[in-house]
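# Observations on chain architecture
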Amino acid sequence: MTEVQEKVSGWGERWPAPAKLNLMLRITGRRSDGYHLLQTVFQIIDLCDWISFYPAEDGRVFLRDPIPGVPEQEDLTVRAANLLKQYTGCRLGVCIDVEKNLPMGGGLGGGSSDAATTLLVLNKLWNLKLPLDKLMELGLRLGADVPVFVYGYTAWGEGVGEELQSITLAEQWVVVIKPDCHVNTRQIFLAEELTRDSKPITMRDFIAGDWKNDCLPVVSNLYKSVGEAVDALSQYAEARLTGTGACVFAQFDSEESAREAFSALSPNWSVYLAQGLNRSPLYEKLEQGSV
Ligand SMILES: C[C@](O)(CO)[C@H](O)COP(=O)(O)OP(=O)(O)OC[C@H]1O[C@@H](n2ccc(N)nc2=O)[C@H](O)[C@@H]1O
Ligand SMILES: Nc1ncnc2c1ncn2[C@@H]1O[C@H](COP(=O)(O)OP(=O)(O)OP(=O)(O)O)[C@@H](O)[C@H]1O
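Residues numbered from 1 in each chain as written. Chains lettered and ligands numbered in written order. Predicted model: local features only at pLDDT ≥ 70, side-chain atom pairs only at ≥ 80, totals over all residues. Heavy atoms only, no water.

All right, on to the site of ligand 2 then. Near ligand 2 lie 20 residues; those nearest to it are Leu 76, Lys 100, Gly 109, Gly 111 and Asp 145. Backbone polar atom of Gly 111 to an oxygen atom of ligand 2: 2.9 Å apart, as the coordinates give it. Burial of ligand 2 by the protein chains amounts to 79% of its free accessible area of 610 Å². The greatest single-element share of the shell around ligand 2, amounting to four residues, is contributed by helix H3 (residues 110-125). Taken together, the residues of the shell around ligand 2 break down into six nonpolar, eight polar and six charged. (Near = heavy atom within 4 Å. Polar contact = N/O pair within 3.5 Å; in protein donor to acceptor, adjacent residues only side chain to side chain. Areas by Shrake-Rupley, 256 points an atom, 1.4 Å probe, with all protein chains shown as cover. Helix = DSSP H or I, 4+ residues; strand = E, 2+ residues; numbered from the N terminus. Nonpolar A, V, L, I, M, F, W, Y, C, P; charged D, E, K, R; others polar.)

Shown next as C-alpha cells:
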C-alpha cells in the first residue's frame, strides 16, 4: 500500500482511545452470574492511547509491539479484532500498533478503550458495516467498560455499565493521581465488605453532588497508597476514586487552579492533567470522513 493510499483510507493513521473517569459509582445489586449492577457516570477525558492499524496480507491479527506483561492473544485490541473476524467471517488481517499512555489497572479504562477503538475503526477499515448496537454488544463480551467507549458520549450508565444514556456535563479540568499500585477489579468486586445495596439515585441527585464511589472504602483499605493519594489531592479539591481505582481525581473550574494543583503534586506523585469531554475524540476523527 502506498503512502497516499494509507492516508486516504485511514490505514496507518493514529486513532485515539480516550480514558474515562467514573464520576460516581454505586453498586445497587448483583446478578445471578456474580456481576454487579451499577449506577455510574462515565466521563470521557482527553488523555488517550493512540492506535494505528496496518493491513496484513495473510489474515493474521498481531501486534507491532506487545505490551510488556500482557500476552499478545490476551491483549484487548487483538481480542477485539479476532471477535470481529469470528462474528463476521471476515478473512482480512491487521497489524496493530498501540501507543500506550494510559496506566493499566488504574480505573481509567485504557484497555477497554483500546478495544472499542479497534472495533470501531476496523469496522470501517474492513468495511464490515456493523451497526453501533452490534459493536456495543460485541464490546460487552470483552469487558463491562467497552460499550461506553463504543457509544462515544459521556454517559449515565446502569446495568453492568451497558445501559447508557448520554448526559452533557461541564467539561471541567481534572487532576488525576495514579498511585503506585495496580488494583485488580475482580478482587474488589469479590470483597465481602463491599457495599452492594446502595439505593439507586436520580441524575438530579448526582448533579446536586451525590458522588460516592462504593468501592473506595474497600480499595483504600487494601491499597494504602490510594488513601494517601486521596489525602494529597483533597488539599486542593474533593478527591474521588475512578472505577475500582487505583486512580484518584478531582475536578477544577479553571485550567489555572488545576495547573496549580498539578504542579504542587507532581514532585511526589505520578499526576495527569486532563479535561472532561462530552464526546469522544475518536468520533471527531471518524466523522471527519477520512474512512
Ligand atoms: C468498575 C468499572 O471500571 C466501572 O466503570 C467497571 O465496572 C469494570 O469494568 P471492566 O474493567 O471492563 O471489568 P471486566 O473486565 O468486565 O470485569 C472484571 C471482573 O470484575 C468483576 N465485575 C466487573 C464489572 C461488574 N459490573 N461486576 C463485576 O463483578 C467480575 O468479576 C469480572 O470478572
Ligand atoms: N491493550 C490493553 N491495554 C491495557 N490493558 C490491557 C490491554 N489488553 C489487555 N489488558 C489487560 O487488562 C487489564 C486492565 O487494563 P485497563 O487499562 O483497562 O485497566 P483499568 O483502567 O483498571 O480498567 P477499568 O477501569 O476498565 O477497570 C490490564 O492489567 C491488562 O492485563
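That was the structure; now back to the text.
Next up on the list: the packing of aromatic side chains. Geometry of an aromatic ring pair is reported as the spacing of the ring centres plus the angle between the planes. Applying the stated criterion across every chain yields a total of two aromatic pairs. Taking the centre distance of 6.4 Å and the plane angle of 70° together, the rings of Trp 156 and Phe 206 count as edge-to-face. Taken together, the residues Trp 156 in strand E5 (residues 155-158) and Phe 206 in helix H7 (residues 203-207) connect sequence positions 50 residues apart. Residue classification places Trp 156 among the buried positions, given a relative accessible area of 4%. On the accessibility criterion, Phe 206 (5% relative accessible area) is buried. In this arrangement the basic side chain of Arg 60 is found over the ring face of Phe 62, its NZ or CZ atom lying 4.2 Å from the centre. (Phe/Tyr/Trp six-rings, centres within 6.5 Å; stacked < 30°, edge-to-face > 60°. Buried < 20%, exposed > 50% of the residue type's maximum accessible area, 1.4 Å probe, protein only. Lys NZ or Arg CZ within 6 Å of the ring centre and 35° of its normal.)

Attention shifts here to the UniProt feature "active site" (unreviewed entry) in the protein. UniProt marks Lys 20 and Asp 145 with the feature "active site" (unreviewed entry), using the numbering shown here. Across 126 residues in sequence, these annotated residues keep their C-alpha atoms within 9.2 Å of one another, forming a single compact spot. Its place among the elements puts Lys 20 in strand E1 (residues 15-30). For Lys 20, a relative accessible area of 2% corresponds to the buried category. When neighbours within four sequence positions are excluded, Lys 20 is seen to be in contact with Phe 42, Gln 43, Ile 44, Ile 45, Gly 107, Leu 108, Gly 109, Asp 145, Phe 149, Thr 242 and Gly 243. Within polar-contact distance, the side chain of Lys 20 engages the backbone oxygen of Gly 107 at 2.9 Å. In this structure Asp 145 touches Lys 20, Phe 42 and Ser 112, once residues within four positions along its chain are discounted. (UniProt positions renumbered as here; feature names shortened; annotations may be inferred. Contact = heavy atoms within 4.5 Å.)

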